[in-house]
Amino acid sequence: MSVDAPSTVDDLSFMARAVARAEHSRLLAPPNPWVGCVVVADDGTSWEGGTQRPGGPHAERVALARAGERARGATLYTTLEPCSHHGRTGPCADAVVDSGVRRVVIGVLDPDVRVAGTGVARLEAAGIEVTVGPGAELVEAQLRPYLHHRRTGRPHVVLKLAATLDGRTAAPDTSSFWITGPEARADVHRLRAECDAIIVGAGTVRADDPRLTVRDVLASDGAAPRPPIRVVLGAVPDDAACQPARSMSGPLADVLAELAELDVVQVLVEGGAGVAGAFHRAGLVDHYVFYLAPALLGGEDGRPVLAGAGVPTMAEAWRGKLDRVVKFGNDVRLDVLAPSEPPPAASEET
């Protein structure tokens, strides 16, 4: 196996195409990884595939089925190491071997304990040349929630916040509809669709009675994505708009561990400020999404982004990595990633 070998222009180009194909599976595949695959014959003819809904074929099988006998002697590009175990479908590594491809290029190895190098071993045992690493940075970014889940045993946590320029999520009278415009709110539904669970506090349910549903978003097959589990930290009224919902309590790390056992790969924390502050101070947020509106409440009595005590000095300020900035209508979305090694988690309950 060649790992982190110098990548050719063709390797990087075809892996970028596999990443683009994987994006079509983002709302289909979870809790499975959203993988893309490209099979390239010696004459440059190519066939693509992406992972389908759970129970359907994985990306490699889709691309190989489209290539048919023309896959023999070809090069296969896949964003993630082919699986080597029996699940809802048979091992993709076996399908790759049976196809007769001569070379396989893999973006990143699969940290799932059921795979973790065994897919590569199966390919190499069959005499297939394997290269790992081309386009790895792209794949790591695309599969960040899945890789985090498999490496840590807990869901990837996204904290979503909508705020004014002066950092307020609600006015002194608690009103917060609407801070952002329709374009940003539509993007929130796409963000919800990418998550397997949504978490809010019981106070938010009592105050706003949100539905916490995904609206006006379709997966690439034209059907609605799998609805996220609605989680309320605290008691949920029987007539709440978010019903059916799961009521949970206790240490937040334990809540996440329980959700991980339910195949929740990515969680969206939507608030309110108390819940957001608790997750932040516990060091449990992996990805912060801020929707900033060009609005000012103009005082210090509005609701802050994160409720609770902050750090005492600027030297102790939390600093993440700005990952993306996108404009939606008159608003801006800022994606900020947590440091790779967050500070030790505090004990937080809500």
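Details of the structure are given in the entry above.
Residues numbered from 1 in each chain as written. Predicted model: local features only at pLDDT ≥ 70, side-chain atom pairs only at ≥ 80, totals over all residues. Heavy atoms only, no water.

With an omega of 10 degrees, the peptide bond between Pro-30 and Pro-31 qualifies as cis. In this fold, Pro-31 is placed in the loop between helix H1 (9-23) and strand S2 (36-40). Along the chain, Gln-243 connects to Pro-244 via a cis peptide bond; the corresponding omega equals 0 degrees. Residue position: Pro-244 is located in the loop between strand S10 (229-233) and strand S11 (246-248). With a phi close to 60 degrees, Asp-216 is a non-glycine residue in the positive phi region. Along the chain, the position of Asp-216 falls in the loop between helix H8 (202-208) and S10. (Helix = DSSP H or I, 4+ residues; strand = E, 2+ residues; numbered from the N terminus.)

Among the nonpolar cores identified, the biggest contains 41 residues, and Val-39, Leu-64, Leu-76, Val-96, Val-101, Val-104 and Leu-123 are the most heavily contacted of them. Residues within four places of Leu-123 in sequence aside, it is in contact with Pro-82, Ala-93, Val-96, Val-97, Val-104, Ile-128 and Val-130. Counting residues in each nonpolar core, the second largest holds 27 residues, with Ala-163, Val-231, Val-275 and Ala-276 among its members. (Core = buried A, V, L, I, M, F, W, Y, C linked by side-chain atoms within 4.5 Å. Buried < 20%, exposed > 50% of the residue type's maximum accessible area, 1.4 Å probe, protein only. Contact = heavy atoms within 4.5 Å.)

This brings us to the sheet that holds strand S15 (residues 321-328). The sheet built from 8 strands is open, its strands ordered S11-S10-S9-S12-S7-S13-S16-S15 with mixed pairing. Two strands in the sheet have a free side with no partner beyond their single neighbour: S11 and S15. Strand-to-strand twist in this sheet, taken as the mean axis angle between neighbours without regard to direction, amounts to 25 degrees. Of the pairings in the sheet, the one linking S10 to S11 comprises 3 bridges and is parallel in character. By the bridge assignment for S11, Leu-233 is matched with Met-248. Across the sheet, helix H9 (residues 252-260) touches strand S7 (156-164), strand S9 (197-201), S10, S11 and strand S12 (266-271), and the angle it forms with S11 is around 145 degrees. (Pairing = 2+ DSSP bridges. Axes fitted to C-alpha atoms, helices over the stretch in contact; angles between N-to-C directions.)

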